[in-house]
Amino acid sequence: MNLFETNRLYARKFISDDWRGVLEYAVYKQQTGFEVFDLWPTDPEGCKGLTGYFANSDNFWAICRKSDDQLIGFVSFNEVDTEKHLDMGHGFIPQYIEDGIAEEAIENMMQYAFDTMSIVAIDARNEKVWVEQITPLKNIGFQELEDRMQFTREDWEQR
């Protein structure tokens, strides 16, 4: 079952065959030096294990391109804190990102979160130097705070 579907994308639970896309993302992180923020395995067996973890979790969603079912990234709902802020993670493989496709995926996941969860805000805790990660958030309208980026329910309702 897909969590959402648009003309270009859909979000679904991870499946075992997604390990190749997980490996591609992990290698990208390593090659760009961003593995220091979040260490991922970069070998096939390690990525198969990580993909299995994602598949068995209710927190991770595979973002896929409809035209060819290519895994292009993920969105995670990490936790909701006591102030009802959802900590959302995301990652996209740059070679598959074009024409606002990352923003489209994130916005649809935000819609799902605001519609189904009793939250007042979505927080993203990305390092500001990781431009590829924070640019889609900025384009959507996340506000930069000292230790995170944030989009409130009030902001969402005013769109």
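Cut-off values and rules
- All residue numbers refer to position in the chain's written sequence, counted from 1.
- Note on the predicted model: pLDDT of at least 70 is required for a residue's local features to be given, and 80 or more for side-chain atom pairs to be given and counted; whole-chain, interface and lining totals, by contrast, use all residues.
- No hydrogens and no water enter the side-chain calculation; it runs on all heavy atoms of the structure.
- To get an axis, a line is fitted to the C-alpha atoms, and for a helix only the part in contact is used. The angle between two axes follows their N-to-C directions and goes from 0 to 180 degrees.
- Numbering goes from the N terminus for both helices and strands, where a helix is a DSSP run of H or I of at least four residues and a strand is a run of E of at least two.
- Reported orientations rely on four angle classes, namely roughly parallel under 35 degrees, roughly antiparallel over 145, roughly perpendicular from 65 to 115, and oblique for the rest.
- A clockwise turn of the near helix away from the far one marks a right-handed crossing, whereas an anticlockwise turn of less than a right angle marks a left-handed crossing.
- Any pair of residues with heavy atoms lying within 4.5 Å of one another is described as a contacting pair.
- In the scheme used here, Gly and all other residues not listed as nonpolar or charged are polar, with Ala, Val, Leu, Ile, Met, Phe, Trp, Tyr, Cys and Pro taken as nonpolar and Asp, Glu, Lys and Arg as charged.
- Only strands joined by at least two bridges in the DSSP assignment are considered to pair.
- One fewer than the residue count of a helix, multiplied by 1.5 Å, yields its expected span.
- Think of it in three bands: with a 1.4 Å probe and only protein chains considered, a residue is buried below 20% of the maximum accessible area for its type, exposed above 50%, and partly exposed in between.
- To obtain the arc, one takes the directions from the helix axis to the C-beta atoms.

*Asks:* Help me understand the packing of helix α1 (residues 19–32) against helix α2 (residues 44–55), please; the structure alone is not making it clear to me.
*Replies:* For any two helices packed against each other, one specifies the crossing angle of their axes together with the interaxial distance. At a minimum axis distance of 8 Å, the contact between α1 and α2 shows a crossing angle of 115 degrees. One finds that α1 runs roughly perpendicular with respect to α2. The interaxial crossing formed by α1 with α2 has right-handed handedness. Where α1 approaches α2, its residues W19, V22, L23 and A26 are matched on the opposing element by P44, C47, K48, L50, T51 and F54. For the contact of α1 with α2, the class distribution of residues is 8 nonpolar, 1 polar and 1 charged.

*Asks:* Looking at this model, I keep getting lost on the pairing of strand β1 (residues 2–5). Mind explaining?
*Replies:* On any regular strand, side chains alternate: one points to one face of the sheet, the next to the other face. Pairing between β1 and strand β2 (residues 9–12): 3 bridges, direction antiparallel. When the bridges of β2 are listed, N2 appears paired with R12. The loop that links β1 with its antiparallel partner β2 comprises 3 residues.

*Asks:* Whenever I open this one, α2 confuses me. Can you help?
*Replies:* For an α-helix, the turn length of 3.6 residues means that residues three or four places apart are oriented alike. In this model, α2 (12 residues) spans 16 Å end to end at C-alpha, consistent with the 16 Å of a helix rising 1.5 Å per residue. Of all the positions in α2, only C47, L50, T51 and F54 are classed as buried. Here the buried residues of α2 occupy an arc of 100 degrees about the axis, which is enough to place them on one side. In α2, those exposed residues whose orientation departs by more than 90 degrees from the buried face are E45 and Y53. As for α2, its buried residues are in contact with α1 and β3 (60–65).

*Asks:* Can you help me understand the sheet that holds strand β7 (residues 143–144) in this one?
*Replies:* Strand pairing within a sheet occurs via backbone hydrogen bonds; the two strands may be parallel or antiparallel. The strand order β1-β2-β3-β4-β5-β6-β8-β7 describes an open sheet built from 8 strands, whose pairing is mixed. Two strands close off the open sheet at either side, each with one partner strand: β1 and β7. Helix-sheet contacts for α1 involve β4 (71–80) and β5 (85–92), and the interaxial angle to β5 is about 90 degrees. Packed on one face of the sheet, helix α4 (residues 131–140) meets β5, β6 (121–124), β7 and β8 (149–152) and runs near 125 degrees to β5.

Taken by themselves, the reported measurements are silent on function.
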